[in-house]
Amino acid sequence: MRGLFKKKPKNPAHRLGQRGEELAKKHLKKQGYKILEANYRCKLGELDLVATWGEYIVFVEVKTRTDLDPLLQMTQAKTKKIRQLALVYLEEKQIRGLQPRFDVIAVTNDGERLRLEHLQNAF
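Residues numbered from 1 in each chain as written. Predicted model: local features only at pLDDT ≥ 70, side-chain atom pairs only at ≥ 80, totals over all residues. Heavy atoms only, no water.

This paragraph deals with the side chain of E61. You can see E61 is positioned in strand β3 (residues 56-65). In this structure the side chain of E61 is engaged in a polar contact, spanning 3.5 Å, whose partner is the side chain of K78. Setting aside residues up to four positions removed in sequence, E61 forms contacts with D48, M74, K78, I82, D103, V104 and I105. (Helix = DSSP H or I, 4+ residues; strand = E, 2+ residues; numbered from the N terminus. Polar contact = N/O pair within 3.5 Å; in protein donor to acceptor, adjacent residues only side chain to side chain. Contact = heavy atoms within 4.5 Å.)

Laid out in C-alpha cells, this is it:
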C-alpha cells in the first residue's frame with residue numbers, strides 16, 4: 001500500500017509550501033498547461049513543476065512565503081541550478097522539439113488567503 005497516501009508535512013512552512021504547489025498546479029491546468037512532473041528529483045536537486053504549453057516545455061519554480069516577497073528568493077545561484085536541472089530532465093526524458101521556458105509562480109499568504117502571481121519567462 002506504499003505510495004497511496006502522502007505523508008503529512010511535519011512543519012507549518014512545509015505545509016504552506018505544499019499548499020502553494022497545489023494552487024500553482026491548479027492554476028496551470030486552468031490555463032491549459034499539461035503537467036508532466038511535480039517534484040522531479042535527481043542528484044542535483046528538485047524541479048517543482050514541469051509542464052507543457054503549446055511549443056514550450058515549462059520549468060516552474062513555485063515560491064510560497066508569508067512574510068517576504070517570494071520573488072526575492074530567486075537568486076542568481078537558484079536560477080542557474082534550475083537551468084542545470086532542466087538540462088538533466090530534458091536529457092533523461094529525451095525531450096526534443098519543445099522550447100524550454102522558465103516560469104516562477106509566487107504564492108503569498110496574507111493571513112486570510114493565498115495570492116498567486118505567475119511570471120512567464122521569468123529568467
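What follows deals with the nonpolar core. In this structure, L47, I57, F59 and Y89 are the most contacted members of the largest nonpolar core, which totals 15 residues. Sorting the residues of this core by element identifies β2 (45-53), β3, α2 (76-93) and β4 (99-109) as the ones contributing at least two each. Here this core takes five residues from α2, the largest share from any one element. Dropping the residues within four chain positions of it, L47 is found in contact with N39, Y40, F59, I82, L85, A86 and Y89. (Core = buried A, V, L, I, M, F, W, Y, C linked by side-chain atoms within 4.5 Å. Buried < 20%, exposed > 50% of the residue type's maximum accessible area, 1.4 Å probe, protein only.)

Our focus in this paragraph is the confidence of the model for the chain. Taken residue by residue, the chain gives an average pLDDT of 88. The fraction at 70 or more is 86%. Taking the mean pLDDT of every element in the chain, the minimum, 90, falls on helix α1 (residues 12-30) and the maximum, 98, on β2. (pLDDT = per-residue confidence, 0-100.)

Right, let's get into α2. An ideal rise of 1.5 Å per residue puts 26 Å on 18 residues; α2 measures up with 26 Å between its terminal C-alpha atoms. When we look at burial in α2, the residues that qualify are T79, I82, L85, A86, Y89 and L90. When α2 is viewed along its axis, its buried side chains cluster within an angular range of 140 degrees and face the same direction. Exposed positions of α2 whose direction lies more than 90 degrees from the buried face are Q76, A77, K80, L87 and E91. Close packing links the buried residues of α2 with β1 (34-42), β2, β3 and β4. Positive backbone phi, at 50 degrees, marks Q94, one or two positions downstream of α2. (Expected span 1.5 Å × (residues − 1). Arc of directions from axis to C-beta.)

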